[in-house]
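Structural features, examined
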Amino acid sequence: MSDGADWMKQDSKDIGEVNSLDLKTDVPHSARIYDYLLGGKDNFAADRAAAEEIIKDWRNLPKSMQANRNFMRRVARYLAVERGIRQFLDIGTGLPTSPNLHEVAQEAAPQSRVVYVDNDPIVLVHARALLTSAPEGKTTYIDADLSDPETILRSPQMGDTLDLDQPIALSLIAVLQFITDEQAAHDIVDRLVRQLPPGSVLALSTVTAESAPEEVNGGVAAYNARGIPTKARSKAEVELFFEGLDLVDPGVVLVNHWHPDDAALAADDAHVHMYGGVAFKP
């Protein structure tokens, strides 16, 4: 794992941005824990300490995170190559980890346009890594909260980048587990999907304990004990997010079973703790 200090070795503009923001470096943050467990550098001592405690219970969490990251790549490529989607709205982006969604989509279709959304100050600092668009396409970043869909959809960046009259892929990858109130989570997803045009896509993944109950429930409890509200959902609960939409085969499955590549096929189900699915809006 990284010692976490390398992220400070940036240009002077980045340093100025860091100094002007309250990153609460003494409080563990889900995005930075995720970064640390994936081998990233954008984390602090509190994040690393929390991560090491969490994986004492949730020992296969890094493997599950890698499987989920691979799921995002396969989804983006599938939508760009096989379904002709050229617009993507990625909410809960997290810290840049190459390849990012726009890199996958634009490799397949350089004209793809991507809007990233997150409300974590450290993600904002590193947002320029998400803006390295192919010249034929475009990427932009919105500093906003998932709980406020209207602000996201009405933002100038959204209107300047995506055409709301054309299909958009809404990506909610590994973010809904941090919304523990079920009604609130459904309300957010419904408000977002309702405002997207027909032919749009909902792609999401979220934590489940069904593949490893004792391990995941212990890990979820460890997250909650460190002030990061987290919830594991059953397959039936995840399927409810897709009500009224047309699920792509094979439906809601452990993410390593969704249109698997060689890496996904090699994953052990007991080490994958995320359900995922993709569905189209009629």
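Fair warning: this is a prediction, and the values are worked out from it, not measured in the lab.

Right, let's talk about the overall build of the chain for a bit. If you tally the helices and strands in the chain, you get twelve helices and eight strands. For the chain, whose C-alpha radius of gyration is 18 Å, the value lies close to the compact-globule estimate of 19 Å for 282 residues. The principal-axis extents of the C-alpha atoms in the chain amount to approximately 45 × 45 × 35 Å. Burial analysis of the chain (282 residues in total) assigns 55% to the buried set. A fraction of 75% describes how many contacts in the chain between residues 6 or more apart in sequence connect residues 24 or more apart. Of the accessible surface of the chain, which amounts to about 11900 Å², a share of 50% is contributed by carbon and sulfur atoms. The distance from the centre of the 26 positive side-chain charges to the centre of the 43 negative ones in the chain is 2 Å.

Turning next to the packing of aromatic side chains. Taken as a whole, this structure holds four aromatic pairs when the rule is applied. Look at W58 and Y223: their rings are 6.0 Å apart centre to centre, the planes differ by 80°, and that puts the pair in the edge-to-face class. With W58 in the loop between helix 3 (45-57) and helix 4 (61-81) and Y223 in helix 10 (residues 213-225), this pair connects stretches of sequence that are 165 residues apart. Each member of the pair, W58 as well as Y223, is classed as buried. Relative to W258, the ring of Y78 lies with its centre 5.3 Å away and its plane at 90°, an arrangement referred to as edge-to-face. With Y78 in helix 4 and W258 in the loop between strand 7 (253-254) and helix 12 (262-266), the pair connects residues that are 180 residues apart, well separated along the chain. W258 carries the same exposure label as Y78, and that label is buried.

On to the pattern of salt bridges. Under the defined criterion, the tally for this structure stands at seven salt bridges. One salt bridge connects E53 with R226, and the closest N-O pair in it is separated by 3.7 Å. Taken together, the residues E53 in helix 3 and R226 in the loop between helix 10 and helix 11 (235-239) connect sequence positions 173 residues apart. Assessed through its relative accessible area of 32%, E53 is described here as partly exposed. With relative accessibility at 29%, the residue R226 sits in the partly exposed group. One salt bridge in this structure joins R191 and D187, with 3.0 Å as the shortest N-O distance. Taken as a pair, R191 and D187 lie in helix 9 (residues 182-194) at a separation of four residues, close to a single helical turn. On the basis of relative accessible area, D187 is assigned to the partly exposed category, the value being 31%. Taken together, the shared-partner salt bridges connect E53, K56 and R226 into one network.

The next subject is the confidence of the model for the chain. When pLDDT is low, close inspection of the predicted coordinates is not appropriate. Mean pLDDT over the chain works out to 90, with 92% of the residues at or above the 70 mark. A low-confidence stretch, residues 1-20 stays under pLDDT 50, and its non-local contacts, those more than four residues away or across chains, total 35 contacts.

Another aspect to go through is the nonpolar core. In this structure, L79 and L89 are the most contacted members of the largest nonpolar core, which totals 88 residues. Looking at this core, the element that brings in the most residues is helix 4, giving ten residues. In contact with L89, not counting residues within four places along its chain, are V115, V117, I152, L153, M158, L162, I168, A169, L170 and S171.

Note that Q106 resides in helix 5 (residues 101-108). Residue Q106 is classed as buried on the basis of its relative accessible area of 8%. Side-chain polar atoms of Q106 contact the side chain of S133, separated by 3.0 Å. Not counting residues within four places of it along the chain, the set of residues in contact with Q106 comprises S112, T132, S133, A134, G137, K138 and T139.

Once that is clear, we can look at unusual backbone geometry. Of note, the bond from S98 into P99 is cis; its omega dihedral lies within 30 degrees of zero at 0°. Note on placement: P99 falls in the loop between strand 1 (87-91) and helix 5. For the peptide bond that leads from D249 to P250, omega is 10°, which places it in the cis range. Within the secondary structure, P250 is located in the loop between strand 6 (246-247) and strand 7. Residue A174 is not a glycine yet carries a positive backbone phi of 55°. Residue position: A174 is located in the loop between strand 4 (169-173) and helix 9. Although it is not a glycine, H259 adopts a positive phi angle of roughly 40°. Of note, H259 is situated in the loop between strand 7 and helix 12. What makes H259 partly exposed here is its relative accessible area of 30%.

Procedures and definitions
- Residues numbered from 1 in each chain as written.
- Predicted model: local features only at pLDDT ≥ 70, side-chain atom pairs only at ≥ 80, totals over all residues.
- Heavy atoms only, no water.
- Helix = DSSP H or I, 4+ residues; strand = E, 2+ residues; numbered from the N terminus.
- Rg over C-alpha atoms; globule rule 2.2 N^0.38 Å.
- Buried < 20%, exposed > 50% of the residue type's maximum accessible area, 1.4 Å probe, protein only.
- Contact = heavy atoms within 4.5 Å.
- Areas by Shrake-Rupley, 256 points an atom, 1.4 Å probe, with all protein chains shown as cover.
- Lys, Arg positive; Asp, Glu negative; His and termini not counted.
- Charge placed at Lys NZ, Arg CZ, Asp CG, Glu CD.
- Phe/Tyr/Trp six-rings, centres within 6.5 Å; stacked < 30°, edge-to-face > 60°.
- Salt bridge = Lys/Arg side-chain N within 4 Å of Asp/Glu carboxyl O.
- pLDDT = per-residue confidence, 0-100.
- Core = buried A, V, L, I, M, F, W, Y, C linked by side-chain atoms within 4.5 Å.
- Polar contact = N/O pair within 3.5 Å; in protein donor to acceptor, adjacent residues only side chain to side chain.

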